[in-house]
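Fold and contact review
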Amino acid sequence: QVQLIESGGGLVQAGGSLSVSCAVSGRTFSSYAMGWFRQAPGKEREFVARISRVGLRTNYADSVKGRLTISRDNANNTVYLQMNNLKPEDTAVYYCAADADTVYGSTGPSAYEYWGQGTQVTVSS
């Protein structure tokens, strides 16, 4: 059984920073490409960032490029999302996801087999 557990969300003022993490258990972590997605109220889940199995390749949505950074620690089975210069439009539930089928993951949520429960990030103006 694969489990993904996010932590680290919270409330921050615009321009501030926050880091969220996702601990993965149940299978060799380095066999997954990992992604972060987010979903705001009334909106569809959208791609935020992805990272390849050993962390050599990353990719970001245009809306977060230069402000959010995805990274992973395969020794500790954890993927991170460092968020800087946060904006009110970044407010959403953030989800991590694992893709066992590809090396680099995907920008589409349907490619990911496993999901965490989500963690709320709220950015006040």
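**Some thoughts on the overall build of the protein**
Within the protein one finds 0 helices and 11 strands. Element order for the protein, N to C, with α for helix and β for strand: β-β-β-β-β-β-β-β-β-β-β. Since a compact globule built from 125 residues should have a radius of gyration of about 14 Å, the 13 Å found for the protein is in line with a globular shape. Each principal axis of the C-alpha atoms in the protein carries an extent, and together these give about 40 × 25 × 25 Å. By the burial criterion, 43% of the 125 residues in the protein qualify as buried. Counting only carbon and sulfur atoms, one obtains 46% of the accessible surface of the protein, whose full area is about 6,100 Å². If the 11 positive side-chain charges of the protein are averaged to one point and the 10 negative ones to another, these points end up 4 Å apart.

Criteria and cut-off values
- Residues numbered from 1 in each chain as written.
- Predicted model: local features only at pLDDT ≥ 70, side-chain atom pairs only at ≥ 80, totals over all residues.
- Heavy atoms only, no water.
- Helix = DSSP H or I, 4+ residues; strand = E, 2+ residues; numbered from the N terminus.
- Rg over C-alpha atoms; globule rule 2.2 N^0.38 Å.
- Buried < 20%, exposed > 50% of the residue type's maximum accessible area, 1.4 Å probe, protein only.
- Areas by Shrake-Rupley, 256 points an atom, 1.4 Å probe, with all protein chains shown as cover.
- Lys, Arg positive; Asp, Glu negative; His and termini not counted.
- Charge placed at Lys NZ, Arg CZ, Asp CG, Glu CD.

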